[in-house]
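# Chain and residue survey
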Amino acid sequence: MCAWSVVVLLSVLLFATDSAAHRKRIAGFKGRASLYKVLKPKGVKAVHQATLEVLDRVGIVLEHPGARKMLLAAGGKEKDDRITIPPQLVESCLALCPTTVTLKGREKFYTLGRGRRQFAQNAGGIPYVMEGGRRREAVRADNKETVTLLDALDTVSTITPPFTPKDVPGKSLALWMFYDTVQNTTKPIRGPGVHTPRELVALKKMADIAGVEVTATVSPISPLRFPQKPVETMLK
């Protein structure tokens, strides 16, 4: 059995290199949504197998000493400055992940994984707004107005903070994005992205005060290189 921290870490690593799970959801849509069917099941499997091969043969650069030790103890192997991850380790950890996930908003709940289609606006963190035919930098008011609109749409199940406003300090950007989103929706919130453990802790406190659960994200720039700070945030 893998430690849950290994499961979480591997889930993030696999998500960064394998979009198969997302494509599988898209491939399962029917009717009007079939316009978004980009892969057949055979193609989904091929992407997944190729990802397992990359993790096994190429490996990842993992700069966090604790995470390196964790993966090596679970069955990873050192290869120069990289750690390779055997397919059986990835598959065994994925098998431990829950088959359903319930997202909690201030008033509304959505459970993913029961065969129900869930639609979400997923264009988060946009830095600019088109207004009057001209591009301008996004501000807090843009998040407030857009989230209010998304909250009123029955077809949208969850909401991601749409914009990265330029009228707030950069160090507290994610916190302001969450604040302006949770104020204007009762639906579950996905995101925003965080970069440091301190930022994650502050976001968790805000979510607890609002009585919601938040699915914050951490995204390394490279899918095969994980600097120490993002991994420290993942493990937090």
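Rules used throughout
- Residues numbered from 1 in each chain as written.
- Predicted model: local features only at pLDDT ≥ 70, side-chain atom pairs only at ≥ 80, totals over all residues.
- Heavy atoms only, no water.
- Helix = DSSP H or I, 4+ residues; strand = E, 2+ residues; numbered from the N terminus.
- Expected span 1.5 Å × (residues − 1).
- Buried < 20%, exposed > 50% of the residue type's maximum accessible area, 1.4 Å probe, protein only.
- Arc of directions from axis to C-beta.
- Contact = heavy atoms within 4.5 Å.
- Phe/Tyr/Trp six-rings, centres within 6.5 Å; stacked < 30°, edge-to-face > 60°.
- Lys NZ or Arg CZ within 6 Å of the ring centre and 35° of its normal.
- Salt bridge = Lys/Arg side-chain N within 4 Å of Asp/Glu carboxyl O.
- Axes fitted to C-alpha atoms, helices over the stretch in contact; angles between N-to-C directions.
- Parallel < 35°, antiparallel > 145°, perpendicular 65-115°, else oblique.
- Nonpolar A, V, L, I, M, F, W, Y, C, P; charged D, E, K, R; others polar.
- pLDDT = per-residue confidence, 0-100.
- Pairing = 2+ DSSP bridges.

Turning our eyes to something else, we now look at helix α8 (residues 197–210). For α8, spanning 14 residues, the distance from its first C-alpha to its last is 20 Å, which sits close to the expected 20 Å at 1.5 Å a residue. Residues of α8 that are buried: Pro197, Glu199, Leu203 and Ala207. An end-on view of α8 places all buried positions within 155° of arc, on one side of the element. Opposite the buried face of α8, by more than 90 degrees, sit the exposed residues Arg198, Lys205 and Ile209. The inward-facing, buried residues of α8 contact α7 (173–182), β10 (189–193), β11 (214–217) and α9 (228–235).

Attention now moves to helix α4 (residues 65–74). Turning to α4, its buried residues are Ala67, Arg68 and Leu71. Angularly, the buried residues of α4 cover 100° about the axis, an arc narrow enough to put them on a single face. In α4, the exposed positions angled more than 90 degrees off the buried face are occupied by Pro65, Lys69 and Ala73. Looking one or two places after α4, you find glycine 75, whose phi comes out positive at around 130°.

Turning our eyes to something else, we now look at the packing of aromatic side chains. According to the stated counting rule, one finds one aromatic pair in the structure shown. The residue whose ring lies beneath arginine 135 is tyrosine 128, and the NZ or CZ to ring-centre distance is 4.0 Å.

If you walk through the whole model with that rule in mind, you get eight salt bridges. The closest approach of N and O atoms between arginine 68 and glutamate 78, which form a salt bridge, is 3.0 Å. Residue arginine 68 is located in helix α4, and its partner glutamate 78 is located in strand β2 (residues 77–79); the two are separated by 10 residues in the primary sequence. What makes glutamate 78 exposed here is its relative accessible area of 56%.

This next bit is on the packing of helix α3 (residues 41–57) against helix α5 (residues 87–96). If you want to describe how two helices pack, look at the angle between their axes and the distance between the axes. At a minimum axis separation of 9 Å, α3 and α5 run at an interaxial angle of 125°. Judged by the angle between their axes, α3 and α5 are oblique. In this structure, α3 uses His48, Leu52, Leu55 and Asp56 to contact α5, whose residues at the interface are Pro87, Val90, Glu91 and Leu94. A class-by-class count of the residues in the contact of α3 with α5 yields five nonpolar, one polar and two charged.

Any residue range with low pLDDT should be treated as having predicted coordinates unsuitable for detailed reading. Averaged over the protein chain, the pLDDT score is 83; the fraction of residues at 70 or greater is 82%. Note on residues 1–5: pLDDT is under 50 here. Beyond four places in sequence and across chains, it has nine contacts. Predicted confidence for residues 19–35 stays below pLDDT 50, and this span has 17 contacts to residues more than four positions away or in other chains.

Another point: the pairing of strand β5 (residues 109–112). Side chains on a regular strand alternate between the two faces of the sheet. Looking at chain direction, strand β4 (residues 101–104) and β5 are connected through four bridges and run antiparallel. If you follow threonine 102 over to β5, its bridge partner there is threonine 111. Between β4 and β5, which pair antiparallel one after the other, the connecting turn spans four residues.

Look at the link from glycine 191 to proline 192: it is a cis peptide, with omega at 10°. Looking at the secondary structure, you find proline 192 in strand β10. Positive phi, close to 60°, is recorded for aspartate 80, a residue that is not glycine. Looking at the secondary structure, you find aspartate 80 in the loop between β2 and β3 (82–84).

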